[in-house]
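Given next are the chains, with one letter for each unit.
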Amino acid sequence: MIDSISYGRQKRILIILFLLVPIALLAMFALYPALYLVYLSFMSWDGFSPEKTWVGVGNYKDVFANKEIWETFLHNLVYLGWGLFQNALGLFFALLLNSKLKGRNAYRVMLFMPYIMNGVAVAYMFNYVFNSEYGSFNTLLRSVGLDSLAISWFGSAHAVNHVLGFITLWKFMGLNMVIYLAALQSVPSEIIEAARMDGASRLQTSLRVVLPNITKVIELNLFLTIIGTLEIFDLPFILTGGGPLGASDTFLTKTIDTAFKFNNFGMASAMSVTLITIVIVVLSIQRFATRRWSD
Amino acid sequence: MNAVKLRPASLVQHAILWVAVVLILFPPSILVLNAFKSKTEFSQTSVFKLPDSFLNFENFGTVMTRAHLDRAYLNTLTIIVIAVIGNVLLGTMVAYILGRFDFKLKKTVLGAYIAVSFVPTITTQVATFTVVHNLHLYNTIWASIVLHLGTNVLQIFIYLQFLHNIPRELDEAAMMEGASLFRIYRTIIFPLLTPATATIVIIKTIDIYNDMFIPYLYMPAQKLAVVSTSLMNFSSERSTEWELMSAAILMIMVPIVVVYLFFQKYVFAGIVNGAVK
């Protein structure tokens with residue numbers, strides 16, 4: 001029956017029919033929450049009572065005046081340090097695997113594997129690695145006589161973020177590596193062969209010929225890392241609950257606690273909007289930088 | 001170019017890579033060593049010692065019943081099946097419309113998908129929570145399904161990229177024979193998008209299987225626990241019984257690793273497409 005309708009009409013009907021559900025879902029669960037979040041950030045609300053009170057920029061004032069909230073960014077900074085190291089390692093392994101090395105696909109599969117593992121399972125697994133008494137890491141340290149280093153990793157305010165940063169590196173290094181590897185493989189082999197013919201060593205070729213060709217991807221990976229760092233949540237949430245005494249709180253664990261533990265949805269919304277703004281600023285800088293590079 | 005022979009340089013490369021592989025396998029192998037130990041065996045031996053027998057599956061059985069993992073697997077699978085099917089249908093539909101037709105709001109639609117991709121989902125949960133609540137989806141399995149159902153900009157881009165490689169002449173030939181546009185979608189476009197669909201199915205399956213936040217926040221009821229949340233529940237009760245926890249962690253971790261090993265090609269295709277866009 002539909003075969004007899006003109007294509008112009010069919011097109012109009014199909015556009016509406018096919019976009020209806022996807023757009024409705026997008027509007028309901030992405031667009032509307034984003035706008036509603038902004039609205040809530042100007043309200044005082046406990047999350048369930050029918051009463052919401054307009055407080056203007058009061059929540060934002062509270063967020064900006066709260067030293068504890070801003071200090072969590074120092075914790076995120078520790079993750080950033082590990083993230084940069086993770087990027088360097090990712091690039092290093094990508095360069096290693098971007099050769100005719102035997103078994104390179106098996107290595108790639110192995111090094112990427114942590115990325116697809118269940119985050120909750122990974123968190124608890126490392127709980128047993130870094131447990132102060134029976135953890136395999138401390139057992140290892142004691143067996144080689146380094147007892148003084150076998151501290152309570154999750155109990156020390158100084159160590160805890162570094163341990164969590166290390167676990168993040170363990171899980172996400174493969175992601176950086178795979179992205180770098182794809183970029184490396186798209187560098188035309190003629191350029192590399194030409195450099196080799198001219199007598200450049202492997203190292204020289206990598207540094208002088210290959211790397212300049214993938215600056216964009218390096219930049220992309222760095223920005224992915226910065227944004228990932230800002231959004232750190234699962235690991236501290238599951239492993240430490242932000243402890244000891246808030247030493248491993250991140251901006252997001254604080255936001256979620258503010259909403260769902262302390263029922264201060266207004267303030268939590270203001271915190272979320274603040275974080276989204278920061279993420280968008282970072283992304284815009286990236287866009288701007290990318291454009292500058294390509295000019 | 002004769003790297004296959006064992007030159008000293010490639011020996012060094014292998015050595016470095018092996019160090020990395022050992023560092024990656026170290027934590028899971030500790031779990032494997034201890035998941036097969038009995039309670040007394042665990043308390044009397046070093047964590048590095050081999051178990052008496054790798055055939056002692058008792059811990060796995062205990063975990064299965066006490067952590068209700070059978071239910072958790074079933075819940076997770078239900079969410080994955082419904083959400084992934086919906087996801088593929090909606091994703092191909094949106095891509096077909098955006099890739100083949102011109103209309104006034106086309107740029108707006110694509111722009112909306114791009115715009116929301118800038119907003120990390122986890123940051124808007126405070127507001128999404130209210131939406132889910134008002135739709136009476138809170139504490140139902142539909143909360144998770146519906147939140148995973150919608151297509152996203154990454155999937156649309158993957159589909160669009162494949163769609164551009166399907167020659168328009170195929171559409172035109174079908175139109176000459178009087179096929180409706182819906183028929184073209186169903187019999188030409190959808191089947192020819194299969195490689196992209198395979199990638200999206202695998203990526204999305206891994207995504208949903210590993211998701212902790214949505215089930216934790218929207219489905220706190222015990223009977224709705226998925227793999228991630230059931231492990232969290234189990235840990236809060238028995239985190240000191242290491243041999244049981246080791247078995248539990250492995251039972252959550254292994255299924256998705258197996259999926260990954262079998263379908264690695266699609267996983268890498270999805271990751272690379274997603275990042276380089």
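These figures come from a predicted structure and were not determined experimentally.

Thoughts on the overall build of chain A
Link 1 in the chain: Each helix and strand counted, chain A has 13 helices and 2 strands in total.
Link 2 in the chain: Its C-alpha radius of gyration of 25 Å places chain A more than 25% over the 19 Å reference for a compact globule of 295 residues.
Link 3 in the chain: C-alpha extents for chain A along the principal axes are approximately 75 × 70 × 40 Å.
Link 4 in the chain: When each of the 295 residues of chain A is scored for burial, the buried share is 41%.

Examining the overall build of chain B
Link 1 in the chain: Of regular secondary structure, chain B possesses 15 helices and 0 strands.
Link 2 in the chain: Here chain B has a C-alpha radius of gyration of 24 Å; the compact-globule value for 277 residues is 19 Å, and the former is much larger.
Link 3 in the chain: Its C-alpha atoms put chain B at 75 × 65 × 35 Å along the principal axes.
Link 4 in the chain: Classification of the 277 residues of chain B by burial places 41% in the buried group.
Link 5 in the chain: For chain B, restricting intrachain contacts to residue pairs at least 6 apart in sequence, the fraction spanning at least 24 positions comes to 75%.

Overview of the packing of helix α4 (residues 69–100) of chain B against helix α8 (residues 153–164) of chain B
Residues and elements named next belong to chain B.
Link 1 in the chain: Contact geometry for α4 and α8: axes closest at 9 Å, N-to-C directions at 55 degrees. Classed by the angle they form, the pair α4 and α8 counts as oblique. Crossing handedness for the pair α4 and α8: right-handed. Contacts between α4 and α8 involve G91, T92, V94, A95, L98 and G99 from the first element and Q155, I156, Y159, L160, L163 and H164 from the second.
Link 2 in the chain: Tallied by class, the residues present in the contact of α4 with α8 amount to 7 nonpolar, 5 polar and no charged.

Remarks on the interface of chain A and chain B
Link 1 in the chain: Listed by partner, the interface residues are 70 residues for chain A and 72 residues for chain B.
Link 2 in the chain: The residue inventory of the side of chain A that touches chain B, partitioned by class, reads 56 nonpolar, 8 polar and 6 charged.

Considering the domain arrangement of chain B
Reports of interface size often rely on the accessible area that becomes lost once the parts have come together.
All names here are of chain B.
Link 1 in the chain: One can read the domain layout of chain B as domain 1 (8–52) and domain 2 (62–276).
Link 2 in the chain: Averaged C-alpha coordinates put domain 1 and domain 2 at centres separated by 33 Å.
Link 3 in the chain: In this assembly, 7 residues from domain 1 lie in contact with 6 residues from domain 2.
Link 4 in the chain: Listed by contribution, the elements that provide at least two residues to the side of domain 1 that touches domain 2 are α1 (8–35) and α2 (39–44).
Link 5 in the chain: It is α1 that contributes the most residues to the side of domain 1 that touches domain 2, 4 residues altogether.

Notes on the packing of helix α1 (residues 7–40) of chain A against helix α5 (residues 106–117) of chain B
For any two helices packed against each other, one specifies the crossing angle of their axes together with the interaxial distance.
Link 1 in the chain: Packing of α1(A) against α5(B) leaves a shortest axis separation of 11 Å and a crossing angle of 40 degrees. Of the possible angle classes, the one that applies to α1(A) and α5(B) is oblique. Pair α1(A) / α5(B) crosses with left-handed handedness. Residues L19(A), I23(A), L26(A), A30(A), L31(A) and A34(A) of α1(A) touch α5(B), and the partners they reach there are V109(B), A112(B), Y113(B) and V116(B).
Link 2 in the chain: Here the residues of the contact of α1(A) with α5(B) are counted per class, giving 10 nonpolar, no polar and no charged.

A word on the domain arrangement of chain A
Link 1 in the chain: Looking at chain A, the domain boundaries give domain 1 (2–40) and domain 2 (66–294).
Link 2 in the chain: Once you take the C-alpha centre of each, domain 1 of chain A and domain 2 of chain A turn out to be 37 Å apart.

Focus on the confidence of the model for chain B
All names here are of chain B.
Link 1 in the chain: Residues of chain B with pLDDT of at least 70 account for 96%, and the chain-wide mean is 90.
Link 2 in the chain: Within chain B, the element-level pLDDT minimum falls on helix α15 (residues 264–276), averaging 81, and the maximum on α4, averaging 96.
Link 3 in the chain: The ipTM assigned to the predicted complex is 0.90, against a pTM of 0.90.

Notes on the confidence of the model for chain A
When pLDDT drops low, the exact placement of atoms in the prediction is not to be read closely.
Link 1 in the chain: Looking at chain A as a whole, its pLDDT mean stands at 88, while 97% of the residues score no less than 70.
Link 2 in the chain: Taken element by element, chain A is modelled with least confidence in helix α9 (residues 202–213) of chain A, mean pLDDT 82, and with most confidence in helix α4 (residues 104–116) of chain A, mean pLDDT 95.

Some words on the nonpolar core
Link 1 in the chain: Ranked by size, the top nonpolar core spans 154 residues in total, and within it A121(A), A248(B) and I249(B) carry the most contacts.
Link 2 in the chain: Apart from the residues within four sequence positions on either side, A121(A) is in contact with L231(B), I249(B), I252(B) and M253(B).

Here we look at the environment of Q185(A)
Residues and elements named next belong to chain A.
Link 1 in the chain: Relative to the helices and strands, Q185 is located in helix α7 (residues 160–185).
Link 2 in the chain: C-beta crowding within 10 Å serves as the criterion here: with 12 such atoms nearby, Q185 is assigned to the exposed category.
Link 3 in the chain: Sequence spacing of Q185 and L20 is 165 residues, and the spatial spacing of their C-alpha atoms is 40 Å.

A short note on unusual backbone geometry
Link 1 in the chain: Even without a glycine there, the phi angle at L245(A) is positive, about 50 degrees.
Link 2 in the chain: In this structure, L245(A) sits in the loop between α11 (234–239) and α12 (251–260).
Link 3 in the chain: The phi dihedral of N139(B) falls on the positive side, at around 60 degrees, and the residue is not glycine.
Link 4 in the chain: In this fold, N139(B) is placed in the loop between α6 (125–134) and α7 (141–149).

Let's talk about the environment of N87(B)
Link 1 in the chain: Tracing the sequence through the fold places N87(B) in helix α4.
Link 2 in the chain: The sequence separation of N87(B) and I200(B) amounts to 113 residues, and the corresponding C-alpha distance is 8.7 Å.

The rules behind the values
Residues numbered from 1 in each chain as written. Chains lettered and ligands numbered in written order. Predicted model: local features only at pLDDT ≥ 70, side-chain atom pairs only at ≥ 80, totals over all residues. Helix = DSSP H or I, 4+ residues; strand = E, 2+ residues; numbered from the N terminus. Rg over C-alpha atoms; globule rule 2.2 N^0.38 Å. Buried ≥ 20, exposed ≤ 12 C-beta atoms within 10 Å, placed from the backbone. Contact = placed C-beta atoms within 7 Å. Axes fitted to C-alpha atoms, helices over the stretch in contact; angles between N-to-C directions. Parallel < 35°, antiparallel > 145°, perpendicular 65-115°, else oblique. Left-handed = near helix turned anticlockwise from the far one by under 90°. Nonpolar A, V, L, I, M, F, W, Y, C, P; charged D, E, K, R; others polar. Domains from an automatic or database assignment. pLDDT = per-residue confidence, 0-100. Core = buried A, V, L, I, M, F, W, Y, C linked by C-beta atoms within 7 Å.

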